[in-house]
Amino acid sequence: MSFNHTVTHTVDVAAIALRFEQPADHVLHLYFRAHPQLGLRDRGWIAESLYTLLRHKRSLEVLTDSQDVRLMVLASLCKYQGVSLRELQPLLNAAEETLLKKIKATPVASLPYAAQIEFPDWLIEKLQTTLNQNELSSLAAAMNQPAPLDLRVNTVLAERLAVLNEFAASGIVAVVTPYSHTGIRLKQKIALNSHPLFLSGKIEVQDEGSQILGALLAPKRGEMIVDFCAGAGGKTLMLGAQMRSQGRLYAWDISEKRLANLKPRLKRSGLSNVHPQVLTSEQDTKVKRLQGKIDRVLVDAPCSGLGTLRRNPDLKWRQTPTAINELVSKQKAILRSAARLLKPGGRLVYATCSILPEENEGVVAAFLEEHEAFHLLECGELLAQARVPLKMGAFLHLSPHEHGTDGFFAAAIQRRA
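Residues numbered from 1 in each chain as written. Predicted model: local features only at pLDDT ≥ 70, side-chain atom pairs only at ≥ 80, totals over all residues. Heavy atoms only, no water.

Caption draft 1: How the structure looks around the overall build of the chain. Across its full length, the chain carries 21 helices and 12 strands. In terms of overall dimensions, the chain is globule-like: its C-alpha atoms have a radius of gyration of 23 Å, near the 22 Å expected for 417 residues. Counting only residues that meet the buried cut, the chain has 53% of its 417 residues in that class. Summed over all atoms, the accessible surface of the chain reaches about 18,500 Å², with 51% contributed by carbon and sulfur. If you average the places of the 50 positive and of the 41 negative side-chain charges in the chain, the two averages end up 7 Å apart. (Helix = DSSP H or I, 4+ residues; strand = E, 2+ residues; numbered from the N terminus. Rg over C-alpha atoms; globule rule 2.2 N^0.38 Å. Buried < 20%, exposed > 50% of the residue type's maximum accessible area, 1.4 Å probe, protein only. Areas by Shrake-Rupley, 256 points an atom, 1.4 Å probe, with all protein chains shown as cover. Lys, Arg positive; Asp, Glu negative; His and termini not counted. Charge placed at Lys NZ, Arg CZ, Asp CG, Glu CD.)

In structure tokens form, the structure reads like this:
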């Protein structure tokens, strides 16, 4: 397909995505399904161009002094994707060419601060309560870079060294992750879904930050464990492998569709101790029936997702302060309900992929204030026990600029014996 046509498709899909009615990955999925003539290389280029535009939307609006989608796409290509003006010239009129030359020559450092860091005002205001300007700038710079592809080795079926050797044998550059004992990071994007290691269940896609939650929960063989907000089950499968498929592991979620995505992954995993179940709400009778009987509970709470902006840059434009207030209420209700499952001495890990204190420390503090039967465990101590080389205090705080992971928060809570 010609370069001209590919740019036209990028403008078309960007016009849909910039309405922010649906997640960007879903917009791409629907667009590609409607345009089957687009080849794999064209799809990759269009997707990369869209995500680059979403990362840099704020500075592009300032640089173009416009919200014209075509102009923003052209500016994004020449300013942030390294496409030369010579390549773009056949697509441009004289005014556009003049403007793009000016944009290319304008240093990003000369733009207003909010445009430099590419965050909306409300998010900057929230983050400034806990971060100084240097910290905020470093966080934003890391969030505006694409994320690497992190994998978790399924230790029920394979060892990390053997997986690394198999990647090397097929010419794929892979390295161990610095913190997770089961993590592998790929330096290049590959068609993972068709790779023999993936098809055989030996690897799963999972950010290293997410893998660290397993070290905090530390499930043991033979225990009863609940993954309270299991979603598509990435963390469930990790916990099942840590249990060596012994004991009972419940994967709960209110979305039947999300849990359905767990089924093929579970089949590949070789695990036999996982029991997916749909909940009607956090007050479901399944929760009441197991009250006080569970050894460990993972609550990976529904959240703003602002820690995943490297992968989902549209979230910073789709989220709102009102939506976050609603999420905080939901998080508090879920944590209260999940904590009732714990037997005396049991452990709960509350986690989010958010960087906002109100979704993190705020939710945990409110819970502990209301529930004297529970106390906080030191995440730093739990990580040391698991031989994870991360220096942390009471809470787990991970970020892309400091740890190379998505933004993650976790707290470990124990019910008093």
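Caption draft 2: Main features of the pattern of salt bridges. The tally for this structure, following the rule as stated, stands at 20 salt bridges. In this structure, Arg70 and Glu96 form a salt bridge, with 2.5 Å as the shortest nitrogen-oxygen distance. A residue pair is termed long-range when its members are at least 10 positions apart, and Arg70 in helix H5 (residues 69-80) and Glu96 in helix H7 (residues 94-105) qualify at 26 residues. Salt bridges sharing common partners tie together Asp207, Arg310, Arg311 and Asp406. (Salt bridge = Lys/Arg side-chain N within 4 Å of Asp/Glu carboxyl O.)

Caption draft 3: Examining the packing of aromatic side chains more closely. Summed over all chains, the structure comprises six aromatic pairs. On the numbers, 5.7 Å between centres and 75 degrees between planes, the contact of Phe3 with Trp45 is edge-to-face. With Phe3 in helix H1 (residues 3-17) and Trp45 in helix H3 (residues 40-55), the pair connects residues that are 42 residues apart, well separated along the chain. Among the residues examined, Phe3 registers a relative accessible area of 28% and is labelled partly exposed. Site record: aromatic cluster; members linked through ring pairs are Phe228, Tyr250 and Trp252. One Lys or Arg, Lys57, reaches over the ring of Trp317 and ends 4.5 Å from the middle of that ring. The side chain of Arg268 reaches across the aromatic face of Phe198, ending 4.2 Å from its centre. (Phe/Tyr/Trp six-rings, centres within 6.5 Å; stacked < 30°, edge-to-face > 60°. Lys NZ or Arg CZ within 6 Å of the ring centre and 35° of its normal.)

Caption draft 4: Up close: empty space enclosed by the protein. Considering all chains together, one arrives at one cavity of 30 Å³ or more under this definition. Its volume calculated, the largest cavity comes out at about 40 Å³. If you go around the largest cavity, the residues you meet are Lys332, Arg336, Val363, Ala366, Phe367 and Glu370. Those elements giving two or more residues to the lining of the largest cavity turn out to be helix H18 (321-339) and helix H19 (361-370). Per-element tally for the lining of the largest cavity: the top contributor is H19, with four residues. By residue class, the composition of the lining of the largest cavity is three nonpolar, no polar and three charged. (1 Å grid on protein atoms, 1.4 Å probe; cavity = no way out; pocket = protein on both sides within 12 Å on 5 of 7 lines; lining within 4 Å. Points joined across faces, edges and corners; volume = space filled by probe spheres on them. Nonpolar A, V, L, I, M, F, W, Y, C, P; charged D, E, K, R; others polar.)

Caption draft 5: Here's a closer look at the pairing of strand S6 (residues 248-253). Counting buried residues along S6, five of its six residues qualify, which places the element largely inside the surrounding structure. Direction of pairing for strand S5 (residues 224-227) relative to S6: parallel, over a ladder of four bridges. Bridge pairing links Met224 to Arg248 in S6. Once you follow S5 into helix H14 (residues 234-242) and on to S6, the crossover reads as right-handed. (Pairing = 2+ DSSP bridges. Right-handed = clockwise from strand over helix to strand, strands pointing away.)

Caption draft 6: Structural context of the state of the cysteines. Going through the model one piece at a time under the given rule, you end up with zero disulfides. Cys303 provides the cysteine sulfur closest to Cys353, a residue in no disulfide bond, and the two sulfurs are 3.5 Å apart. The cysteine Cys379 is free of any disulfide, with Cys353 supplying the nearest cysteine sulfur at 16 Å. (Disulfide = S-S within 2.5 Å.)

Caption draft 7: Inspection of the nonpolar core at higher detail. The biggest cluster of nonpolar side chains holds 46 residues, and the ones touching the most others in it are Phe119, Phe228, Val297, Val299 and Leu348. In this structure, Val13, Tyr31, Leu77 and Ile103 belong to the second largest nonpolar core, which totals 38 residues. (Core = buried A, V, L, I, M, F, W, Y, C linked by side-chain atoms within 4.5 Å.)

Caption draft 8: How the structure looks around the sheet that holds strand S2 (residues 174-176). The antiparallel open sheet is built from four strands, whose spatial order is S2-S3-S1-S4. The two strands at the open ends of the sheet, each matched to only one other strand, are S2 and strand S4 (203-205). The mean inter-strand angle of the sheet, taken between neighbouring strand axes irrespective of direction, is 35 degrees. Across three bridges, the pairing between S2 and strand S3 (residues 183-186) is antiparallel. Residue pairing across strands places Val175 opposite Arg185, the latter belonging to S3. (Axes fitted to C-alpha atoms, helices over the stretch in contact; angles between N-to-C directions.)

Caption draft 9: Geometry of the packing of helix H4 (residues 57-64) against H5. One can describe the packing of H4 onto H5 by two numbers: an axis separation of 10 Å at closest approach and a directional angle of 105 degrees. By the criterion of interaxial angle, the relationship of H4 to H5 is roughly perpendicular. Contact residues: Lys57, Ser59, Leu60, Glu61, Leu63 and Thr64 in H4; Leu71, Met72, Ala75, Ser76, Lys79 and Tyr80 in H5. By residue class, the composition of the contact of H4 with H5 is six nonpolar, three polar and three charged. (Parallel < 35°, antiparallel > 145°, perpendicular 65-115°, else oblique. Contact = heavy atoms within 4.5 Å.)

Caption draft 10: Up close: the side chain of Ser269. Here Ser269 is to be found in helix H15 (residues 256-269). Only 2.7 Å separates the side chain of Ser269 from the backbone oxygen of Leu266, close enough to count as a polar contact. Once you skip the residues sitting within four places of it in the chain, Ser269 turns out to touch Asn154, Val156, Leu157 and Leu237. (Polar contact = N/O pair within 3.5 Å; in protein donor to acceptor, adjacent residues only side chain to side chain.)

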